[in-house]
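Observations on chain architecture
For reference, the chains in residue letters:
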Amino acid sequence: MESIGVLLTCPMNTYLEQELDKRFKLFRFWDYPSSKDFFNEHSNSIRAVVGNTTIGADAEMIEALPKMEIVSSMSVGLDKIDLARCKEKKIRVTNTPDVLTEDVADLAIGLILATLRRICESDRYVRSGSWKAGDFKLTTKFTGKPVGIIGLGRIGLAVAKRAEAFDCPISYYSRAEKRGTNYKYYPSVVELASNCQILVVACALTPETRHIVNREVMDALGPKGVVINIGRGSHVDERELVSALVEGRLGGAGIDVFENEPHVPEELFALDNVVLLPHVGSGTWETRKAMADLVLGNLEAHFLNKPLLTPVV
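Here the structure is a predicted model, which means the values were calculated and not measured.

1. Regarding helix H2 (residues 35-42)
Of all the positions in H2, only Phe38, Phe39 and His42 are classed as buried. End-on, the buried residues of H2 take up no more than an arc of 95°, which puts them together on one face. The exposed residues of H2 that point more than 90 degrees off its buried face are Lys36, Asn40 and Glu41. The secondary structure elements touched by the buried residues of H2 are strand E1 (5-8), strand E2 (25-28), strand E3 (46-51) and helix H3 (59-64).

Structure representation (structure tokens):
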């Protein structure tokens, strides 16, 4: 397989890059001044693309690479891949589900605790020497708070399981009511937000779920409510989020994902009731290696004419 051309769309994992280099003829997209330069030089050399949540395979790339057979994404989310065009051209698509579920759910709970208990602010309080002048202010308890989850898939369920350990009543919104769960279902996000204090975004990003957390939802959550986003940045209307936080219409936010990463609204930097993370939901050594192994396994399965490990298309 050393002669098979594989395009890595952006730097994402050292182990993955090394293994791709060993097993395939690897092309690094970022080594070229422009996509046009790359496509002009190598359009007929690429049979596989490895992408992630930063750069996947859009319509332009798919059209420019006529020999492409498979897109293997190092992510669960597929919003950076033109799935319709892949289906049309019979290009296989895989992702990396399950292996990152636990880490992302762990981080959601971490964000909840950090936001409600002001852990980051408390850390700064100690480091700055402010403790010598007096005790830190009181914060908000997590145990027993009603948690609403948008999207009760693998990650949503894992968050629910963890929140239950804190005696939190769980409710959710999804496209349809889920069988086999005792959690309270609400048929709209506004109703869900009206009946919880912590709103966790854990659904897939689609045209329908873009800005699913809008001004109406934030106002329904209210000045004691907290938004936790571990899904995709575009799930939340960032302009309205900033406005709600600055005006005190929303109590706080814990955010791992942003609309225009790595750019973050600077108005958020001065707010102590906000915890900001650089999209690290799956960012552990163990999980990133497992994700990389899935990417590699899917590529090898495809080129050996074996069943794909995690097929999407």
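The rest of the description comes next.
2. Section: the sheet that holds strand E4 (residues 70-73)
Ordered by their spatial adjacency, 5 strands build an open sheet running E2-E1-E3-E4-E5, and the pairing between neighbours is parallel. Edge strands, defined here as strands with exactly one partner in the open sheet, are E2 and strand E5 (92-94). With strand direction ignored, the average angle separating the axes of adjacent strands in the sheet is 20°. When E3 meets E4, the two strands line up parallel, connected through 4 bridges. The partner of valine 50 across the bridge, within E4, is serine 72. On the sheet, helix H1 (residues 14-23) packs against E1, E2 and E3 and is oriented at approximately 135° with respect to E2.

3. Thoughts on the nonpolar core
Within the largest apolar cluster, 51 residues are counted, with the highest numbers of intra-cluster contacts made by Leu16, Leu20, Val50, Val147, Ile149, Val200 and Ile230. In this structure valine 50 touches Val6, Leu7, Leu8, Thr9, Met12, Leu16, Leu20, Ser72, Val295 and Leu299, once residues within four positions along its chain are discounted. In terms of nonpolar packing, the next biggest core, distinct from the first, is built from 28 residues, Tyr186, Leu192, Ala193 and Val227 among them.

4. Side note on the sheet that holds strand E6 (residues 147-150)
Taken in spatial order, the 7 strands make up an open sheet running E8-E7-E6-E9-E10-E11-E12, and their pairing is parallel. Among the strands making up the open sheet, the edge pair consists of strand E8 (184-185) and strand E12 (274-276). Sheet topology places strand E7 (residues 170-173) next to E8; 2 bridges connect them, and they run parallel. Pairing of tyrosine 172 across the sheet is with tyrosine 185, part of E8.

5. Remarks on the packing of helix H5 (residues 101-116) against helix H7 (residues 154-164)
Two numbers describe how H5 lies on H7: the axes approach to 9 Å, and their chain directions differ by 50°. Classified by the angle between their axes, H5 and H7 sit oblique to one another. Read as a crossing pair, H5 and H7 show a hand that is right-handed. Contacts between H5 and H7 involve Thr101, Glu102, Val104, Ala105, Asp106, Ala108 and Ile109 from the first element and Arg154, Ile155, Ala158, Val159, Arg162 and Ala163 from the second.

6. Remarks on the environment of leucine 221
By the secondary structure assignment, leucine 221 is in helix H9 (residues 215-221). Taking the relative accessible area as the measure of exposure, leucine 221 reaches 8% and is therefore buried. Distance from leucine 221 to glutamate 63, taken between C-alpha atoms, is 44 Å for residues 158 residues apart in sequence.

7. Quick look at the packing of H1 against helix H11 (residues 285-303)
Two elements in contact, H1 and H11, have axes separated by 9 Å at closest approach and are oriented at 25°. As judged from the angle between their axes, H1 and H11 are roughly parallel. Both H1 and H11 take part in a crossing whose hand is right-handed. For the pair H1 and H11, the contacting residues are Tyr15, Leu16, Glu19, Leu20 and Arg23 in the first and Lys289, Ala292, Asp293, Val295, Leu296, Leu299 and Glu300 in the second.

8. Considering the packing of aromatic side chains
On inspection of all chains with the given rule, the structure shows 9 aromatic pairs. Aromatic pair phenylalanine 29 and phenylalanine 39: ring centres 5.8 Å apart, planes at 40°, arrangement tilted. Placement of the pair is phenylalanine 29 in the loop between E2 and H2 and phenylalanine 39 in helix H2, with a sequence separation of 10 residues. Grouping residues by exposure puts phenylalanine 29 and phenylalanine 39 together as buried. Ring geometry for phenylalanine 142 versus phenylalanine 166: centroids 4.5 Å apart, planes at 40°, classification tilted.

Rules used in this analysis
- Along each chain, numbering runs from 1 in the same order as the chain's sequence is written.
- Residues qualify for local features only when their pLDDT is at least 70, as the model is predicted, and side-chain atom pairs are given and counted only at 80 or more; totals for whole chains, interfaces and linings, by contrast, use all residues.
- Heavy atoms throughout the structure, all of them, feed into the side-chain values; hydrogens and water do not.
- Each residue's exposure class comes from its accessible area (1.4 Å probe, protein chains only) as a fraction of the maximum for that residue type: buried when under 20%, exposed when over 50%, partly exposed otherwise.
- Helix and strand assignments follow DSSP, with helices taken as H or I runs no shorter than four residues and strands as E runs no shorter than two, numbered in order from the N terminus.
- As used here, the arc is the angular range of directions from the helix axis to the C-beta atoms.
- Note on contacts: a residue pair qualifies if any of its non-hydrogen atoms lie within 4.5 Å across the two residues.
- DSSP-based pairing: two strands are paired if at least 2 bridges between them are found.
- Where helices are involved, their axes are fitted lines through C-alpha atoms of the stretch in contact, as for all axes, and angles between N-to-C directions lie from 0 to 180°.
- Nonpolar cores are built from buried Ala, Val, Leu, Ile, Met, Phe, Trp, Tyr and Cys residues. Side-chain atoms within 4.5 Å join them into one set.
- Each angle receives one of four descriptions, namely roughly parallel if under 35 degrees, roughly antiparallel if over 145, roughly perpendicular if within 65 to 115, and oblique otherwise.
- Should the near helix be turned counterclockwise from the far one by less than a right angle, the crossing is left-handed, whereas a clockwise turn marks it as right-handed.
- Aromatic contacts are taken between Phe, Tyr and Trp rings whose centres are within 6.5 Å, Trp giving its six-membered ring; a plane angle under 30 degrees counts as stacked, one over 60 as edge-to-face, and the others as tilted.

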